[in-house]
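# Structural characterization, general
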Amino acid sequence: MRVVPPVVRSLVLCVVAVLLSAIPSATIRAEVPSEAPRPAPLGGTPGKYRKLAPGVTRTIPVERQENETFSRHDIPELLSVDPNFEWAKDVRFSHDIWNLEFTFKPIRFMRMDLPGPDGKLESKLVWYMVYRVRNVSDKPVDFIPYFVLQSRDGKKFYPDRVLPGVVPAIVRREDPNRPLADSATIAGPIAPNDEGEEDGVWGVVTWTDIDPRTDYFSVYVNGLTNAYRWDDTPQGRKFARKTLQLNFWRPGDEYDQHEKEIRVGAPGEVDYRWLYR
């Protein structure tokens, strides 16, 4: 049996510490909720919520893959010291993975007066999507959402915009009794849902200045899981997060935009998929 010198053992510990520090913070399960209270959702008065008709919402089930709980990698930092360190090859790294259930309503439009760069109000068409997240695990997890709307030709990207002044108007339209949180106020620990509880945490994501010629587009949602992959490349260590891709189709024209034109899915495409990006 080959004896590992103390200096090498110390080097191993240092490398492991570096690897752990490089793992994205979102992959760490929040064992204890933050003591800071979550900001109150905007608009609405909690009470008897409006009953939604069947089919109004779409729920993406939690997807758990066994191969997401671990990965195997060489440790190049050690192999660069001695390529004969067999114990630095194909090392197993375990991942503590959590997932959130995601439910969404169809994308809708609302025209609002918003301040422009010069401070003057401008009439803009706001695209928005109401959604719910539920923690179906037994421990609280940190939900830090990030939404991007992307045209299918890949040429236009629209990160979500936090528009606190718009949310109360959306609440009045959707359900005056159900407060909604924007991407800033919803960020934080999500407690486990009690067995049989259906409500979860509701939010809304908003976009502006969408090209009216957009026909096919996708919405990418980060933050629903801490699953990730990483690879060592000649350019360095690359991380990819597990992301939900929702596909949409708007078979209309650029002159008379209407929310009823929005379709979930697209001809010849799946409605949604999970990918790493």
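Here, the structure is the one placed above.
What this report covers is the structure whose coordinates are included nearby. None of these values were measured; they are calculated from a predicted model. (Residues numbered from 1 in each chain as written. Predicted model: local features only at pLDDT ≥ 70, side-chain atom pairs only at ≥ 80, totals over all residues. Heavy atoms only, no water.)

## A short note on the pairing of strand β8 (residues 146-151)
Basically, it comes down to this: The buried label goes to any residue with under 20% of its type's maximum accessible area, the exposed label to any with over 50%, and the partly exposed label to all in between, with areas taken from a 1.4 Å probe on protein chains only. Helix and strand definitions follow DSSP, with helices as H or I runs of at least four residues and strands as E runs of at least two, each counted in order from the N terminus. Think of it this way: DSSP has to see at least two bridges between two strands before they count as a pair.
Most of β8 is tucked away: 5 of the 6 residues are buried. As paired elements, β8 and strand β12 (residues 216-222) share 6 bridges and run antiparallel to each other. When the bridges of β12 are listed, Y146 appears paired with N222. By the bridge criterion, 3 bridges tie β8 to strand β9 (residues 157-159) in an arrangement that is antiparallel. The partner of V148 across the bridge, within β9, is P159. Taking the residues that link successive antiparallel strands as the turn, the β8-β9 hairpin has 5 residues, and the phi of G154 there is positive, at about 75°.

## Looking at helix α3 (residues 167-174)
Here is the rule we go by: By definition, residues are in contact when any of their heavy atoms lie within 4.5 Å.
Those residues of α3 not exposed but buried are V167, A169, I170, V171 and E174. Where α3 is buried, its residues touch β5 (108-115), β6 (121-135) and β11 (201-207).

## Some details on the packing of aromatic side chains
Here is the rule we go by: Each pair of aromatic rings taken from Phe, Tyr and Trp, with Trp reduced to its six-membered ring, is defined by centres within 6.5 Å and is described as stacked if the planes are under 30 degrees apart, edge-to-face if over 60, and tilted in the remaining cases.
Applying the stated rule across the entire model yields 8 aromatic pairs. Seen in terms of ring centroids, F102 and Y131 are 5.5 Å apart; in terms of plane orientation they differ by 25°. Their pairing is stacked. Placement of F102 in strand β4 (residues 100-104) and of Y131 in strand β6 is noted, with a sequence separation of 29 residues between them. Using a relative accessible area of 0% as the deciding quantity, one classes Y131 as buried. With a centroid separation of 5.5 Å and an interplanar angle of 65°, the aromatic rings of W127 and F217 are classed as edge-to-face.

Read these as layout, nothing more, since geometry by itself doesn't imply function.
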